[in-house]
Amino acid sequence: MARLTDRAFEILRAEVDKCAAADSVAGDVYRRMVIKRLEKLRLQNGTFASREEIRDTFKDEFPNFSEQALKAAVKANRPPGVFGKIIFAGSLLGSAAGIIWLLNLPFPMIRWPVAKTMPILLLPSFMSMDHNYRQAIALVEQSDQLVNKATAVADFDLGEIKAKEAQKHLDALPVWFLGYYPKRYCSFFSCSWQFTLDEFQAARKNVGRMEAQIFQQKNAFTQLNQVEQTLKAAKQQYQQAKTAADRQKATVNWQSAIDQLNQIPAETLAGETAKKTLKAAERDFQAMGGVATGSVQADNLIEAAKEFALSAAVASQKPPHPAAQWEQIAELWQEGINRLKLISVDNPGYLDAQTKLAEYQKNLGITQIRLEAEKDSTTALQAAKNLLANLQKDVNSQNPGYSLSQLQQIINQLESVKPGTTVYPESQKWLQSARKKQQEWQKN
């Protein structure tokens, strides 16, 4: 009887064609490989292929294979109807192979009587058990070597695969019959291995232990990768920081990453790698500490300069202002400039300080110009007032030509008063009056 029926083959081939069409790169190659395996199953005689055997033909090439199609194929991979089942069972029971197959079914009520009377008939079961046992032991040893002598995370991935394969072979062993097999099987084949329940349980414990180790090791590597990314981001954040607040935040993240490196289990391979990373991170952090100290000092000086600049800017609002106020504003700008000049060239905040310094010096220059204009205008107005007072006292005793000359000096003084000063409005009134008087005297 074929291990894969024609109906099951057609269902599987249709789904394979569908999956291959979805993969434009390697779909056709994978299709031919899978179809070849299915054809091989269809040509083999024996028990019907199990669900897992069928799945093994395509699971690596087409992981997206429809479970519904697989289920339909498994269902179709059976003798057609009751009559077919009777024929199938009769053909098996009617031959020696069928009898041996029946006797080797994994049921205690069949195996025990046969094992006591004619154990040679259970030779297929003994051979299968021998194979699974040896494979399990070998895979357990391989997995143990990979896990306990790993040099990279890839070793744990391979160790995990080996452990799962070992577990699969252990699951294939009939645990309820372990104590009996050595005596009978070894009497025929003079085996030297000890096939006992204790050894079986020890193998299972080893697999469980390694699975736990692999889980811990891979988790540690995941944690290490995350911490390394955090550490790298913190360094970049610090280098790109523009303000004191940004640098402080980057410093906190940097220190947090170092703390997380210390938390990775030291007994793991990732923990050993973390020690090297931790040493370099702490060295860089300590080196950054000196830079950070300079940055903090620069930030403090810049912030202090900003406070003086803010006070100066507020005091400058809504001009004009008297000379005394302009002097106070100039002093505030100068104080801000003095703070910025304290930041040395090798300080990380030097460039920021120079930018502010240029701005503050420009504002100080404007303030000094306004101060000088205020002083000169006030002096000019006062001089004009003094000349006008003298002119009024002497207007009757002087000749008209002399009076006009004095009046022209007053006008000149008033015209020198600058716009935007506190005395400018008053000077314009005096100027208008002086010009009017000048016109009157010129007519006379």
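About the thresholds
Residues numbered from 1 in each chain as written. Predicted model: local features only at pLDDT ≥ 70, side-chain atom pairs only at ≥ 80, totals over all residues. Heavy atoms only, no water. Helix = DSSP H or I, 4+ residues; strand = E, 2+ residues; numbered from the N terminus. Buried < 20%, exposed > 50% of the residue type's maximum accessible area, 1.4 Å probe, protein only. Contact = heavy atoms within 4.5 Å. Areas by Shrake-Rupley, 256 points an atom, 1.4 Å probe, with all protein chains shown as cover. Salt bridge = Lys/Arg side-chain N within 4 Å of Asp/Glu carboxyl O. Axes fitted to C-alpha atoms, helices over the stretch in contact; angles between N-to-C directions. Parallel < 35°, antiparallel > 145°, perpendicular 65-115°, else oblique. Left-handed = near helix turned anticlockwise from the far one by under 90°. Nonpolar A, V, L, I, M, F, W, Y, C, P; charged D, E, K, R; others polar. Expected span 1.5 Å × (residues − 1). Arc of directions from axis to C-beta. pLDDT = per-residue confidence, 0-100. Core = buried A, V, L, I, M, F, W, Y, C linked by side-chain atoms within 4.5 Å. Phe/Tyr/Trp six-rings, centres within 6.5 Å; stacked < 30°, edge-to-face > 60°.

Draft legend 1. Main features of the overall build of the chain. On a plain count of helices and strands, the chain comes out with 17 helices and zero strands. Within the chain, buried positions represent 36% of all 444 residues. Here the analysis covers contacts within the chain between residues at least 6 apart in sequence; of these, 67% occur between residues at least 24 apart. For the chain, the accessible area works out to roughly 26,200 Å², and carbon and sulfur atoms hold 55% of it.

Draft legend 2. Fine view of the pattern of salt bridges. Applying the stated criterion across every chain, the model contains 17 salt bridges. As a salt-bridge pair, Glu-67 and Arg-55 come within 2.8 Å of each other at their nearest N and O atoms. Highlighted residues: Glu-67 in helix H4 (residues 67–76) and Arg-55 in helix H3 (residues 51–56), separated in sequence by 12 residues. Asp-56 is paired through a salt bridge with Lys-59; the nearest N and O atoms lie 3.2 Å apart. A relative accessible area of 32% means that Asp-56 is categorised as partly exposed.

Draft legend 3. Main features of the packing of helix H1 (residues 6–22) against H4. The N-to-C vectors of H1 and H4 enclose an angle of 165°; their axes lie 7 Å apart at closest approach. By the angle between their directions, the pair H1 and H4 is classed as roughly antiparallel. When the axes of H1 and H4 are compared, the crossing they make is left-handed. Contact residues: H1 offers Arg-7, Ala-8, Ile-11, Leu-12 and Glu-15, while H4 offers Ala-69, Ala-72, Ala-73 and Ala-76. Of the residues contributing to the contact of H1 with H4, the split by class is seven nonpolar, no polar and two charged.

Draft legend 4. Region of interest: the packing of H1 against helix H2 (residues 27–43). Put simply, H1 and H2 touch, their axes get as near as 9 Å, and they point 170° apart. Taken together, H1 and H2 sit at an angle that is classed as roughly antiparallel. From H1, Asp-6, Phe-9, Glu-10, Leu-12, Arg-13, Val-16, Asp-17 and Ala-20 reach across to H2, where they touch Gly-27, Arg-31, Val-34, Ile-35, Leu-38, Glu-39 and Arg-42. Counted by class, the contact of H1 with H2 contains seven nonpolar, one polar and seven charged residues.

Draft legend 5. View of helix H9 (residues 153–171). The end-to-end C-alpha distance of H9 is 27 Å, a good match for the 27 Å that 19 residues give at a rise of 1.5 Å each. Of all the residues in H9, the buried ones are Asp-155, Phe-156, Gly-159, Ala-163, Ala-166, Gln-167, His-169 and Leu-170. Along the axis of H9, the buried positions cluster into a sector of 155°, meaning they face one direction only. Across from the buried face of H9, at angles greater than 90 degrees, the exposed residues are Lys-164 and Lys-168.

Draft legend 6. Molecular detail of the environment of Asp-246. Tracing the backbone through its elements, the reader meets Asp-246 in helix H12 (residues 244–263). According to the relative accessible area criterion, Asp-246 is partly exposed, its value standing at 35%. Excluding residues that lie within four positions of it along the chain, Asp-246 makes contacts with Gln-237 and Ala-241.

Draft legend 7. Region of interest: the confidence of the model for the chain. Of the residues in the chain, 77% reach a pLDDT of 70 or more, and the chain-wide mean stands at 79. Predicted confidence in the chain is weakest over helix H5 (residues 81–93), with a mean pLDDT of 43, and strongest over helix H14 (residues 323–341), with 95. Confidence drops under a pLDDT of 50 for residues 81–94, and excluding neighbours within four residues, the segment shows 11 contacts in the predicted structure.

Draft legend 8. Expanded view of the nonpolar core. With 23 residues, the main nonpolar core has Trp-254, Leu-261 and Ile-264 as its most contacted residues. Elements with a contribution of two residues or more to this core: helix H11 (197–240), H12 and helix H13 (269–316). Top contributing element to this core by residue count: H11, with eight residues.

Draft legend 9. Representation of H2. For H2, built from 17 residues, the straight-helix expectation of 24 Å at 1.5 Å per residue is met to within 8% by its first-to-last C-alpha distance of 24 Å. Listed as buried for H2 are Gly-27, Val-34, Ile-35, Leu-38 and Leu-41. Seen end-on, H2 carries its buried residues on one side only, within an arc spanning 115°. Away from its buried face, by an angle of more than 90 degrees, H2 presents the exposed residues Lys-36, Lys-40 and Leu-43. Looking at the packing, one finds that the buried side of H2 touches H1.

Draft legend 10. Highlighting unusual backbone geometry. Backbone torsion omega between Pro-319 and Pro-320 reads 10°, so that peptide bond is classified as cis. Examined against the element boundaries, Pro-320 turns out to sit in the loop between H13 and H14. Positive phi, normally seen in glycine, also occurs at Lys-318, with a value near 55°.

Draft legend 11. Structural context of the environment of Asp-23. Along the chain, Asp-23 falls in the loop between H1 and H2. Residue Asp-23 is classed as partly exposed on the basis of its relative accessible area, which comes to 27%. Spatially, the C-alpha atoms of Asp-23 and Phe-62 are 9.2 Å apart, while their sequence positions differ by 39 residues.

Draft legend 12. Expanded view of the side chain of Gln-217. When you line up the elements, Gln-217 lands in helix H11. In contact with Gln-217, not counting residues within four places along its chain, are Phe-156, Glu-267, Thr-268, Leu-269 and Ala-270.

Draft legend 13. Structural view of the packing of aromatic side chains. According to the stated counting rule, one finds two aromatic pairs in the structure shown. Centre to centre, the rings of Phe-58 and Phe-65 are 3.7 Å apart; their planes meet at 20°, and the pair counts as stacked. As far as the burial class goes, Phe-58 and Phe-65 line up, both buried. For the pair Trp-333 and Tyr-360, a centre-to-centre distance of 5.5 Å together with 50° between the ring planes defines the contact as tilted. Of this pair, Trp-333 sits in helix H14 while Tyr-360 sits in helix H15 (residues 350–394), and the two are 27 residues apart along the sequence. Here Trp-333 and Tyr-360 have matching classes, each one buried.

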